[in-house]
Amino acid sequence: VNLPLMDFMVCFVPSFQQFPRLCATREALLAKECCPRWEGDGSACGARSGRGFCQDVQVEDQPHGPQYPFSGLDDREKWPLVFYNRTCQCAGNFMGFSCGDCRFGYFGVNCNERRESLRRNVFHLTRAERIRLVSYLNLAKQTLSRDYVVATGTYREMENGSNPMFADASVYDIFVWMHYYVSRSALLGGPGNVWTNVDFAHWAPAFLPWHRVYLLHWEHEIRKLTGDMGFSIPYWDWRDAQGCDVCTDELMGGRNPQDPNLLSPGSVFSSWKVLCSRAQEYDNRGVLCDAKEEGPLRRNPGNHNHDLVEQLPTSAEVEFTLSLTNYDTGPVDRSANMSFRNTLEGFGDPRTGLGNSSRRGMHAALHVFMNGSMTSVQGSANDPIFLLHHAFVDSIYEQWLRRHRPSPSQFPDSNAPIGHNGGYHMVPFLPLHRNREYFISSKDLGYEYSYLLDASKYQRLSESIHPYLEELQGVWPFLLLSALLGGVVAVAIAAAILTGTRRYKKLPWLHVRKWKHLFALPERQPLIWSSDKEETGHPNYQTVM
């Protein structure tokens with residue numbers, strides 16, 4: 001990867017996330033307006049080009065559930081009205097806080113090129129693709145975002161916008177902060193005065209749509225950063241895994257031989273520093289994460305609380321989860337019984353479907369198993385395994401949508417925990433997204449999973465051997481040259497033998513018949529493989545593949 005070239009590219013690539021730097025000013029906060037000018041024509045939201053318009057934000061007024069008993073105390077309530085009541089509303093296939101980008105699945109200057117990207121098994125990537133993945137992740141971690149910042153204080157601490165409190169962060173760390181911010185405790189005022197039973201993206205119906213949008217934006221930002229529009233997040237298929245098989249220095253980082261809680265010094269991720277990972281400390285102080293470095297990335301897979309997680313999820317548990325016909329049930333929280341969402345998220349038992357399970361299953365089991373940065377809900381995105389893990393969780397969500405084809409009415413419009421009603425804007429995204437908008441197939445959003453391809457087993461087989469074919473493609477010139485050289489050598493040897501035979505054939509002591517009896521061997525059965533041999537333990541192409 002040409003890092004200097006990529007850094008150069010970053011200077012000229014717009015980005016579309018929360019908080020846009022152009023909207024983190026005193027003027028924008030006091031006006032409560034986030035309608036930046038689009039670079040293409042210099043007008044707010046690209047209005048002059050018909051890309052979008054600056055409009056009042058319309059928030060839903062449906063009641064939320066009783067889990068959060070307050071009103072007007074948290075900046076995330078009725079998102080994004082505490083900060084902005086006017087934002088860009090984009091037209092057609094345009095998207096972004098200034099409508100300068102394309103909706104998911106669309107590309108081109110006018111956003112009229114429809115493409116479907118393919119998310120592949122991380123173990124099906126070629127060596128070059130694995131190196132590129134790690135390089136892109138590290139580039140995002142090391143590159144300061146030029147287009148957006150993170151909030152380090154509440155709106156009240158910002159004196160209602162008069163005193164902006166924001167901090168710079170890297171492209172990667174912006175997403176770490178977003179996952180922290182959406183799941184943090186509600187600050188009720190003063191040290192220790194917090195409400196912990198609130199989460200705008202977990203333990204309720206929006207869990208799967210929110211993380212789907214999160215991954216889509218993450219993928220989008222990597223493409224912008226690197227200029228690689230073909231990049232897709234790979235997934236880690238952890239069904240029946242006996243351990244963390246992605247925990248190698250070639251992929252997500254092996255174990256440090258000196259300290260099992262740290263990553264191997266042979267991995268680039270061993271130098272990463274985490275942020276927003278000390279939830280209890282922030283609660284005790286009654287403050288937000290300040291986005292400063294908090295030490296190295298931690299991970300100790302398998303050395304977790306085995307009373308909480310027995311093993312990594314099995315294929316049978318995934319299949320049981322997929323068999324549940326209701327997306328969510330009852331109070332649509334952690335106590336929901338026979339709920340696909342609750343079971344996949346990990347509070348429903350993946351063998352019985354009963355909620356409030358004493359053990360963590362499915363998605364949550366992976367977080368516990370990693371036994372480090374991943375174990376904290378708020379800080380889990382610090383570990384790059386988070387992306388591979390959630391891509392596979394999203395693929396299970398996609399399987400369920402295709403198998404059951406749920407009615408839109410299955411997603412609750414009211415009485416879900418705060419932040420989770422169908423019409424609620426996802427915290428803390430700008431551009432705005434409503435939960436119900438992502439209760440749809442990934443195909444409608446421009447991406448597919450390789451193991452869900454609507455194709456024959458032979459096409460899926462082709463996908464799995466793709467990396468080996470690409471490796472072969474890289475060495476075929478060498479193989480061809482070797483074959484040619486081998487041919488030349490063979491011809492030379494044959495010519496030498498022929499010449500020697502002609503020259504010495506008249507010498508009687510070299511006559512073959514005089515020596516043949518000395519080297520005669522008893523006659524044996526011809527070396528022909530029988531069909532019986534093939535069926536008595538020797539692998540054939542079918543069993544190998």
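Residues numbered from 1 in each chain as written. Predicted model: local features only at pLDDT ≥ 70, side-chain atom pairs only at ≥ 80, totals over all residues. Heavy atoms only, no water.

- Under an unreviewed UniProt entry, the name given to the chain is Tyrosinase, and the organism recorded is Anabas testudineus.
- Taken directly from UniProt, the Subcellular location (unreviewed entry) text for the chain runs: "Melanosome membrane".
- Database annotation for the chain, UniProt heading Cofactor (unreviewed entry): "Cu(2+)". (UniProt positions renumbered as here; feature names shortened; annotations may be inferred.)

## Considering unusual backbone geometry
Item 1. Between W79 and the following residue, P80, the backbone shows a cis peptide bond with an omega angle of 5 degrees.
Item 2. Relative to the elements of secondary structure, P80 occurs in the loop between β2 (52–56) and β3 (86–90).
Item 3. The peptide bond linking L430 to P431 adopts the cis configuration, its omega dihedral lying at 15 degrees.
Item 4. Position of P431 among the secondary structure elements: in the loop between α10 (385–404) and β13 (447–449). (Helix = DSSP H or I, 4+ residues; strand = E, 2+ residues; numbered from the N terminus.)

## Let's talk about the UniProt feature "domain: Tyrosinase copper-binding" (unreviewed entry) in the chain
Item 1. Under the UniProt annotation, the feature "domain: Tyrosinase copper-binding" (unreviewed entry) is placed at residues 202–219 and 383–394.
Item 2. This span, residues 383–394, is 83% helix and 0% strand, and a straight line between its end C-alpha atoms measures 18 Å.

## Let's talk about helix α3 (residues 127–142)
One turn of an α-helix holds 3.6 residues; hence residues three or four places apart share an orientation.
Item 1. When the terminal C-alpha atoms of α3 are compared, their 23 Å separation across 16 residues agrees well with the 22 Å that a helix rising 1.5 Å per residue should span.
Item 2. For α3, the full list of buried residues reads E129, R130, L133, V134, Y136, L137, N138, L139, A140 and K141. (Expected span 1.5 Å × (residues − 1). Buried < 20%, exposed > 50% of the residue type's maximum accessible area, 1.4 Å probe, protein only.)

## Thoughts on the state of the cysteines
Item 1. Within the structure shown, the criterion is met by seven disulfides.
Item 2. Between the sulfur atoms of C276 and its disulfide mate C289 the distance is 2.1 Å. On the sign convention where negative is left-handed, the bridge of C276 and C289, at about -70 degrees about the S-S bond, is left-handed. Remark: C289 occurs in the loop between α6 (279–285) and α7 (315–323) and C276 occurs in the loop between α5 (207–226) and α6; sequence separation between them is 13 residues. Like C289, C276 is buried. (Disulfide = S-S within 2.5 Å.)

## Topic: the pattern of salt bridges
Where charged atoms from two side chains of opposite charge come close, those side chains can pair.
Item 1. Summed over all chains, the structure comprises 30 salt bridges.
Item 2. The shortest N-O distance in the salt bridge between E33 and R86 comes to 3.1 Å. Placement of the pair is E33 in strand β1 (residues 33–34) and R86 in strand β3, with a sequence separation of 53 residues.
Item 3. For R86, a relative accessible area of 26% puts it in the partly exposed group.
Item 4. One salt bridge connects R184 with D74, and the closest N-O pair in it is separated by 3.7 Å. With a gap of 110 residues between them, R184 in the loop between α4 (171–183) and β11 (186–187) and D74 in the loop between β2 and β3 connect regions that are remote in the sequence. Accessibility classification places R184 together with D74 in one group, the buried group.
Item 5. The structure contains a network of salt bridges with shared partners spanning E116, R119, R212, E219, R223, D394, E398, R402, K443 and E448. (Salt bridge = Lys/Arg side-chain N within 4 Å of Asp/Glu carboxyl O.)

## Details of the environment of R334
Item 1. When you line up the elements, R334 lands in the loop between α7 and α8 (340–345).
Item 2. Among the residues examined, R334 registers a relative accessible area of 29% and is labelled partly exposed.
Item 3. The spatial distance from the C-alpha of R334 to the C-alpha of G348 is 7.4 Å, given a sequence separation of 14 residues.
Item 4. The residues touching R334, leaving out its near neighbours within four places in the chain, are N197, W203, N342, F347, G355 and N356. (Contact = heavy atoms within 4.5 Å.)

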